[in-house]
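Spelled out from the first residue to the last, the chains are:
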Amino acid sequence: MAIELPPLPFERTALEPHISGETIDYHYGKHHKAYVDNLNKMILGTPFEAMSLEDIVRKAQGAMFNNAAQVWNHSFYWNCLKPGASGEPSGKLADAITKAFGSFDAFKEQFSDLAVKTFGSGWAWLVQRPDGALALVSTSNAVTPLTGEDTALLTCDVWEHAYYIDYRNARPKYVEAFWNLVNWEFAASNMR
């Protein structure tokens, strides 16, 4: 069974002015699609061909893992974004953030700092630990919480292809703009 490029949960220009349609064309239409295409070539004729994307990520190594994890990470990232986002979480997620970080503003500052300071290419994550507590995690390259015990709630892609067209090398400006797009309903739906 082939791995498919999932449709975006919004129109390609819906995130403007924070993320341009041109960035979506390259990030989703070229980078994300390339990971899907590469993975499908790698799994063809192997036992991985019959597995779900999540199982491939958990069991693959090397280039196959990198492509599978990038497919999963990007699919998750697109769902973390929403045009006209609400600004702050509510309910159970808001309470958990306040408990873990002291306040929403403290969380936002720590998450932003982590995203900006992630070395090279990678991801900043808000995760839920097995004990229910929330934590921040930075992963390099294609590494993903999916391979461990943490549950991913929210991510910010800090590979340069996520922001270079719109923000050049100004990752902090991209991370600042990210907060205008966070889909808190999706993040809350991932909680256990």
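Just above sits the structure.
Below you will find a few notes about this structure. For clarity, every value in this text was computed on a predicted model and none was experimentally measured.

## Focus on the packing of aromatic side chains
Here's step 1: On inspection of all chains with the given rule, the structure shows 22 aromatic pairs.
Here's step 2: Plain terms: the ring middles of phenylalanine 10 and tryptophan 78 are 6.4 Å apart, the flat faces sit at 75° to each other, and that makes the pair edge-to-face. Residue phenylalanine 10 is found in the segment before helix H1 (21-43), and its partner tryptophan 78 is found in helix H3 (residues 62-79); the two are separated by 68 residues along the sequence.
Here's step 3: The exposure class assigned to tryptophan 78 is buried, which follows from its relative accessible area of 3%.
Here's step 4: An angle of 75° between the planes, with centres 5.3 Å apart, marks the rings of phenylalanine 111 and tryptophan 179 as edge-to-face.

## Overview of the environment of histidine 31
Here's step 1: Relative to the assigned elements, histidine 31 resides in helix H1.
Here's step 2: Histidine 31 sits 39 residues away from glutamine 70 along the chain, and the two C-alpha atoms are 9.3 Å apart.
Here's step 3: In contact with histidine 31, not counting residues within four places along its chain, are Tyr26 and His161.
Here's step 4: Of the polar contacts made by the side chain of histidine 31, one reaches the side chain of histidine 161; its length is 3.5 Å.

## Section: the state of the cysteines
Here's step 1: Summed over all chains, the structure comprises 0 disulfides.
Here's step 2: Cysteine 80 takes part in no disulfide bond, and the closest cysteine sulfur to it belongs to cysteine 156, at a distance of 9.1 Å.
Here's step 3: Looking at cysteine 80, the relative accessible area reads 0%, which means it is buried.

## Brief notes about the pattern of salt bridges
Here's step 1: A complete count under the given rule lists 6 salt bridges for this structure.
Here's step 2: Between aspartate 25 and arginine 12 there is a salt bridge, with its nearest N and O atoms 2.8 Å apart. Of the two residues, aspartate 25 is situated in helix H1 and arginine 12 in the segment before H1; the sequence distance between them amounts to 13 residues.
Here's step 3: Given the relative accessible area of 34%, aspartate 25 is considered partly exposed.
Here's step 4: One salt bridge connects lysine 33 with aspartate 37, and the closest N-O pair in it is separated by 2.8 Å.

## Remarks on helix H7 (residues 171-178)
Here's step 1: Where H7 is concerned, the buried positions are Arg171, Tyr174, Val175, Ala177 and Phe178. Viewed along the axis of H7, the buried residues span an arc of 160°, placing them on a single side of the element. What points out from H7, more than 90 degrees from its buried face, is the exposed set Lys173 and Glu176.
Here's step 2: Those residues of H7 hidden inside the fold are in contact with H3, helix H5 (104-117), strand S3 (151-157) and helix H6 (164-167).

## Some details on helix H4 (residues 91-101)
Here's step 1: Among the residues of H4, those classed as buried are Leu93, Ala94, Ala96, Ile97 and Phe101. For H4, the angular spread of buried residues about the axis comes to 165°, placing them on one side. Residues of H4 that are exposed and point over 90 degrees away from its buried face: Lys92, Asp95 and Lys99.
Here's step 2: Looking at the buried positions of H4, the neighbouring elements they touch are H5, strand S1 (122-128), strand S2 (134-140), S3 and helix H8 (184-189).
Here's step 3: Phi for glycine 102, located one or two positions after H4, is positive at around 95°.

Here is what the cut-offs are and how they apply
- Residues numbered from 1 in each chain as written.
- Predicted model: local features only at pLDDT ≥ 70, side-chain atom pairs only at ≥ 80, totals over all residues.
- Heavy atoms only, no water.
- Phe/Tyr/Trp six-rings, centres within 6.5 Å; stacked < 30°, edge-to-face > 60°.
- Helix = DSSP H or I, 4+ residues; strand = E, 2+ residues; numbered from the N terminus.
- Buried < 20%, exposed > 50% of the residue type's maximum accessible area, 1.4 Å probe, protein only.
- Contact = heavy atoms within 4.5 Å.
- Polar contact = N/O pair within 3.5 Å; in protein donor to acceptor, adjacent residues only side chain to side chain.
- Disulfide = S-S within 2.5 Å.
- Salt bridge = Lys/Arg side-chain N within 4 Å of Asp/Glu carboxyl O.
- Arc of directions from axis to C-beta.

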